[in-house]
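Descriptive structure summary
The chain contents come next:
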Amino acid sequence: MNQNKSVQIFVTGGTFDKDYNFITGELYFKDTHLHDMLEVGRSTLPVDIKTLMMVDSLEMTEADRGIIEHNCRKSTYENIVITHGTDTMTETGKYLKKAQIDGKTIVLTGAMIPYAFGSSSDGFFNLGSALAFAQVLNPGVYICMNGQYWDTDNAVKNRSTGFFQIKG
Ligand code: ASP
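Sequence order sets the numbering: in each chain, residues are counted from 1 along the sequence as written. Residues qualify for local features only when their pLDDT is at least 70, as the model is predicted, and side-chain atom pairs are given and counted only at 80 or more; totals for whole chains, interfaces and linings, by contrast, use all residues. Hydrogens are left out, water is left out, and the side-chain values use all remaining heavy atoms of the structure.

Note on aromatic contacts: the rings of Phe and Tyr and the six-membered ring of Trp form a pair at centre separations within 6.5 Å, being stacked when their planes are under 30 degrees apart, edge-to-face when over 60 apart, and tilted otherwise. Scanning the model with the defined rule gives 5 aromatic pairs in all. Summarising the aromatic geometry, the rings of Tyr-20 and Phe-22 are spaced 4.8 Å apart at their centres and angled 85° between planes, so their arrangement reads as edge-to-face. Here Tyr-142 and Tyr-149 contribute two aromatic rings whose centre-to-centre distance is 5.8 Å and whose plane-to-plane angle is 80°, an arrangement assigned as edge-to-face. Through a chain of ring-to-ring contacts, the aromatic side chains of Tyr-20, Phe-22 and Phe-117 assemble into a single cluster.

Have a look at this one:
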């Protein structure tokens, strides 16, 4: 197994990267927390972080998905993690799968609770899992949430439980 992996990380927004305005009680986008998270997590994995957009995935357009596809295709990395809103993560996954980007392992992840909320957030755990899965899975497009991974076609967000699961 290749022990010298490095990972491209594309940031697209989602609750994962939302900040909290304690005065107004609103969630909003500022900068990505990725750099912070990797430092706090004491990661030594070589990564290249690029922010493509900072959007709530409910507002993501086909043009946005085209930008994500283009960047995955032109990335020189074989292992890619995309941070993404959970609401339409599987749609983007399907879009990328259909685009047939050969030879790349693409893992989409996100969070139900903003990293900015501290230890109650699932963002840290999901990011760590996604980085690990991106290094070991065969080329393809995957969803990684709640400590598990699925081929993007097989994953669904259960809107009642708030967990991702296999499509039944
Ligand atoms: N509405 C948010 C999004 O999909 C929800 C989330 O990220 O969990 O961007």
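Continuing now.
This paragraph deals with the packing of helix α2 (residues 62-74) against helix α3 (residues 89-98). For the pair α2 and α3, interaxial distance at closest approach is 10 Å and the crossing angle is 55°. The pairing of α2 with α3 is recorded here as oblique in orientation. Regarding α2 and α3, the two cross each other, and that crossing is right-handed. Residues Glu-62, Arg-65, Gly-66, Ile-68 and Glu-69 of α2 pack against Glu-91, Thr-92, Tyr-95 and Leu-96 of α3. In this analysis, axes come from line fits to C-alpha atoms, helices being fitted only over the stretch in contact, and the angle between any two N-to-C directions falls in the range 0 to 180 degrees. Going along the chain from the N terminus, every DSSP run of H or I of four or more residues is numbered as a helix, and every run of E of two or more is numbered as a strand. Any angle that falls under 35 degrees is termed roughly parallel, while one over 145 is termed roughly antiparallel, one within 65 to 115 roughly perpendicular, and all others oblique. Helix crossings are classified by the rotation of the near helix relative to the far one: an anticlockwise turn of less than a right angle makes the crossing left-handed, while a clockwise turn makes it right-handed. Whether two residues touch is decided by their heavy atoms; if any such pair falls within 4.5 Å, the residues are in contact.

What follows deals with the side chain of Ser-57. Relative to the helices and strands, Ser-57 resides in the loop between β4 (47-55) and α2. Engagement of the side chain of Ser-57 in a polar contact is seen with the backbone oxygen of Gly-85, the distance being 3.4 Å. Setting aside chain neighbours within four positions, we find Ser-57 in contact with Arg-65, His-84, Gly-85, Thr-86, Asp-87 and Thr-88. By the criterion applied in these results, polar contacts are pairs of N or O atoms within 3.5 Å in which, for protein atoms, one can donate a hydrogen and the other can accept it, and in which residues neighboring in sequence qualify only through two side-chain atoms.

The values are spatial; any link to function lies outside them.
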